[in-house]
Each structure stands twice: as structure tokens, then as C-alpha cells.
Protein chains: 2
Amino acid sequence: MTAAEDIMLDHSPTLAAALAERHGSPPAFALPALSAEAAAVLETILGHRSQRAYLPVPLPEGALELAVAAAQSAATSSNLQAWSVVAVRDPGIKAQINALSGEQAQIAAAPVLLVWLADLSRLRAAAEGEGSAAEGLDYLESLVIGIVDATLAAQSAVIALEAQGLGTCYIGGIRNAADRVAAILGLPAEVLPLFGLTLGVPDPARPARVKPRLPLAAVLHQDRYDPTRGAASVAPYAEVLHGFQSAEGLPRADWHRIVAQRVATPAALKGRENLTRYLRSLGFGLK
Amino acid sequence: MTAAEDIMLDHSPTLAAALAERHGSPPAFALPALSAEAAAVLETILGHRSQRAYLPVPLPEGALELAVAAAQSAATSSNLQAWSVVAVRDPGIKAQINALSGEQAQIAAAPVLLVWLADLSRLRAAAEGEGSAAEGLDYLESLVIGIVDATLAAQSAVIALEAQGLGTCYIGGIRNAADRVAAILGLPAEVLPLFGLTLGVPDPARPARVKPRLPLAAVLHQDRYDPTRGAASVAPYAEVLHGFQSAEGLPRADWHRIVAQRVATPAALKGRENLTRYLRSLGFGLK
């Protein structure tokens, strides 16, 4: 036995259970041997759930700062670091944002609402300080860099927060009236409020459940995209999702039906059909 | 001592060192007490580095599937799961994509190139199967949902891969000629190749170094955005970055200067100034 094998442990039972909960059936692939540290990371990530009920207590000291340092440790395009985040604790500001984001109970309950920003303003200032016209920032590509950078950062923060026992829930409704949220937060030009993230200590009386996802084969393609994968794997997923809905006391609904309603009309986007207009009013070139 | 305190360990020395490496100075906040499992997660995330040199060996069995299951465990807007991923192992296909993405050594060296996709095609099929016109998919908002979903998924996969001892590097150059990459991969309409991710077993002879980031105070705002934070914190960052450049044998360059060059002109975007055109040719409405 080599030194490396010596420290490897067989965590397959716990991980296999987490995978079965995520997919509604046992994993169809062989699990690699993992160290105890690696297993802890995988169990945190596989155990993710959106937590909407929080205790009315503040965050532990240092928890948020540690999560933001984790966010900064994510990759970023060319080290541009084209993102920022606002931690909203002020109840008045939080209520104003909630009123524009669909009045969601988790925003009201959370001690902190993070608003993640695709931020080109710091790049504009840095480049113009060097005498650059910074014309590249006027292109849709630069907004995409900001969106990707902010999202990589946020997801590392989420995993860091969940590892600390905190609960989170992403809030896409921040974009319903992105221009007005930007005004409330005093954002400079070329900064988009991309999504919110509520966080807090989970209420143990109202635990969240793992939501099952499409089969792995529906999203993972080999060498080329196989359009038949999505269609073939959606039917068994309907059954898995019904089980989740039943356990949560939710009405039974097929995934197709949920998708169809969610994307049916511009009005179903709840204001976000105006995103292009919001972006132009926030100073993005979108070339 | 309560049961909870009983299992808490003080990992501050290791975490403080990781934070100091990331910011070039000791943390200015108190570290929370963490369980051994939580510390393992934080150390994985804080220790991220882009790894470009790989051994010429395949991935361990099950490592990729486990990472994709981790990706699926990330949050997704309204459970739409608007992403897919192609695992490219075929040397010919990988070389074609590399030729369009800047001929990067890490793409040639990696046994696997993942191409992460913002994927509205599965939603279009599901909605139209229910008789929906799916008009919402024609809006920029739906592309943003796909980009955010794909990026949340990819970052969870990266952390899962790094926990397993594998190395990764994001490839934004995939967008240089996104339309041609889409053709090579046989993507249906409304599917964007968003970024690549090389992965493999790190070459221990060529380890990657942690790249320092802007001070935490530059990116974390309290209640409202403070535009003076970015400007104030960029000057000390220049020194920290010079230390990294010197240790890596890279030419000394200020962050301002790097940013200025990177965004100076449309041509500096290396083809990605055409992203709007690529997206239209791929069938996105962008309303």
C-alpha cells in the first residue's frame, strides 16, 4: 500500500446516498476513492439546498468576510475581477429592494441580503487612469465577463457559507427592476445588480429539502452535443420531481409544464423582459 | 462546553495563512471557529489556482461524473437547469477548438476539455411540447439565466475537481469564435459555448501559485456602493501583484496597465467583440 492509498478512505456509502437523493436513483458510475477532506467538500456541494427560513439572529463574526475571501479566490477572466458585492443589512434598504424583487419571505427573514454586481466601473476607472479609451468595455463581451466573474465568485461564497452551517437562497428577482435597485444602492455607471443572495442561520424547525435534478446523462455530452439526450431523460425526471413535490406538500407539476409557464410570454419574465433597456440606462454599451 | 463547541476546532493558523497568501497581508477580520469538515472546504476554495500543466494520464474513473453531479447540485433559476457540458477527449476535436481559442498550451496538455454551454434548447423543446410559444426565450434575460446557471454549475464542478486533487483552468478564449466552436460541437440553436475548462492530474514539477487579489475592502460594500473603495485599494494591490510576478518570473506590470491593455480596443477582445453577431447566428433573440 502506497502512502497515497493509505490516507484514502471509502466514503462511497455517504456520497452514494447524496447522489441518489440528487438524482432520485443510485449513481450509474463508480465512485472514486476520496480522502476525508475531499469527501467533506463533495458532501457540502452535493448537499446544497435553497434555504428560505432563518433564525432572527446575526451571522457569526467573520463568516461573511471569510465567504467574500472565498469568492475572491475563484477564477476571474484575465484577473480583471469584474465584480463587487453589497451586503445589505439596513432593514429599510432591504425592504425597498424586496418590494422591487417580488416580496419574497426569505428576503424579509434574512439578516443579510447580498447583492452581487457585474462591475465594469472599476475597470473603466483603472483604464482611463492609464489614458486608455477603454473601448472594449462598450461590448456585450465585457458584460458577459462581469456576469461570469460575479457568478463564479458568488458560487464559491455559497459553498463557503454552507460549509459554515449557514443557509442561502439566490434571488433572480433582483433583475425585475434592475435599474431601480441600482439607484437604491447608489451604483455608478456600468454596474449591474445581477442577483441577490439571502443568508442566515437556518431555522431548524423549517429545514429545506434537496431538490432532484435531471439525470446526469441529460447534461453531460461526450465529444459532441447529442440532442436526443435531453428529450430521452426528461420523462423519468417527471416521476422523480413528483416525489419531491409530494414530500414538500407542493402541487404536482411536470417539469415540462413548469418550464412552459416560466418562459411562455414576455410578461412571465416579471419585468426582466426589460433587461436590455435597464442595461442601456445603466450605461452598458452592449455592442 | 456545549456539544457544538466540543467539535469546533481552531483552524485559524492554516486559514489565516491561506488568506494572507490570497491578499498579500494578514486578514483584517476575526476568523470564525470551524469544524474540521468546514475547514477542509474553506482550504480547498481559498487554495484555488489555475493549473496549466498536466501529466499525460487519464482522469481517475468516476472523477468527472462526480464533478458533474456536483455541478448539478448548484442552484439554478426556477429549476430550469439551463446549461449542459460537453467533455471533449477526442484529440482531433480538441485541436480544432484550440486553434480557434488562442492555441493555449493547457488545452493541448489536458486529457479533457470541458465546454460549458448556456443551453436554452432543452427549454425550447420542453415548452413547445406543451404547446407554449416560449416567447420568453427570445429575450436577453433568458440568455443571462443560461450564463448564470452554467457558471454556477461550472464553479461547483471546479471545487469538486480540486478537492479530488485535479487541476483546472478556465478558457474564455472559447468565445473568440463561439459560432465556429458551436459548429464543431454540433450544437443546436440557442446553445452558447460559454467557456472552456481544461482538467487533468497536475504536473508536480510545474506547480501553480496562488494569484493575489484586490483587498477585500475593494469588493465588499456595506448597504450602499462606495465608489471610493475601488480607487483607494488599487494602489497597495500593485505592490502585492509585483511580488507574485517576480516569484513567477513574469514581467512586472501594474494592474491598471494590464486592465487598460485588456479593454483598450475592440481588437483587444480577440474576436469576442463579435459576440452579439455570434449569438444572433446561434439563434438567440437578444430582445
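Conventions we followed
Residues numbered from 1 in each chain as written. Chains lettered and ligands numbered in written order. Predicted model: local features only at pLDDT ≥ 70, side-chain atom pairs only at ≥ 80, totals over all residues. Heavy atoms only, no water. Buried < 20%, exposed > 50% of the residue type's maximum accessible area, 1.4 Å probe, protein only. Helix = DSSP H or I, 4+ residues; strand = E, 2+ residues; numbered from the N terminus. Pairing = 2+ DSSP bridges. Axes fitted to C-alpha atoms, helices over the stretch in contact; angles between N-to-C directions. Parallel < 35°, antiparallel > 145°, perpendicular 65-115°, else oblique. Left-handed = near helix turned anticlockwise from the far one by under 90°. Contact = heavy atoms within 4.5 Å. Nonpolar A, V, L, I, M, F, W, Y, C, P; charged D, E, K, R; others polar.

Asks: I tried to follow the pairing of strand 4 (residues 191-200) of chain B on my own but got confused; where do I start?
Replies: Regular strands place their side chains on alternate faces of the sheet. Residue and element names in this part refer to chain B. The buried count for strand 4 comes to 10 of 10 residues, which makes it a mostly enclosed element. For strand 2 (residues 112-119) and strand 4, the ladder comprises eight bridges, and the chain directions are antiparallel. Pairing of Asp119 across the sheet is with Val191, part of strand 4. Looking at chain direction, strand 3 (residues 167-171) and strand 4 are connected through five bridges and run antiparallel. When the sheet's bridge partners are listed, Tyr170 is paired in strand 4 with Leu197.

Asks: Just checking my understanding: could you explain the packing of helix 3 (residues 36-46) of chain A against helix 8 (residues 140-163) of chain B for this structure?
Replies: With their axes 9 Å apart at the nearest point, helix 3 of chain A and helix 8 of chain B run at an angle of 165° to one another. On the basis of their axis angle, the class for helix 3 of chain A and helix 8 of chain B is roughly antiparallel. In this structure, helix 3 of chain A meets helix 8 of chain B at a crossing whose hand is left-handed. Residues Ala38(A), Val41(A), Leu42(A) and Ile45(A) of helix 3 of chain A form the contact with helix 8 of chain B, whose participating residues are Ser156(B), Ile159(B), Ala160(B) and Ala163(B). Among the residues forming the contact of helix 3 of chain A with helix 8 of chain B, the class breakdown is seven nonpolar, one polar and no charged.

Asks: Is there a simple way to think about the pairing of strand 1 (residues 83-88) of chain A in this case?
Replies: With six of six residues buried, strand 1 of chain A lies mostly within the body of the structure. A two-sided burial pattern is seen for strand 1 of chain A, the buried positions comprising Trp83(A), Val85(A) and Ala87(A) on one face and Ser84(A), Val86(A) and Val88(A) on the other. Pairing of strand 1 of chain A with strand 2 (residues 112-119) of chain A involves six bridges; the strand directions are antiparallel. Looking across to strand 2 of chain A, one finds that Trp83(A) is bridged to Ala118(A). Where strand 1 of chain A and strand 5 (residues 220-222) of chain B come together, three bridges link them in parallel fashion. Looking at the pairing, Val85(A) lines up with Leu220(B) of strand 5 of chain B.

Asks: Whenever I open this one, unusual backbone geometry confuses me. Can you help?
Replies: Positive phi, close to 50°, is recorded for Ala134(A), a residue that is not glycine. Even without being glycine, Ser78(B) reaches a positive phi, approximately 50°. Tracing the chain through its elements places Ser78(B) in the loop between helix 4 (63-72) and strand 1 (83-88).

Keep in mind these numbers describe shape, not what the thing actually does.
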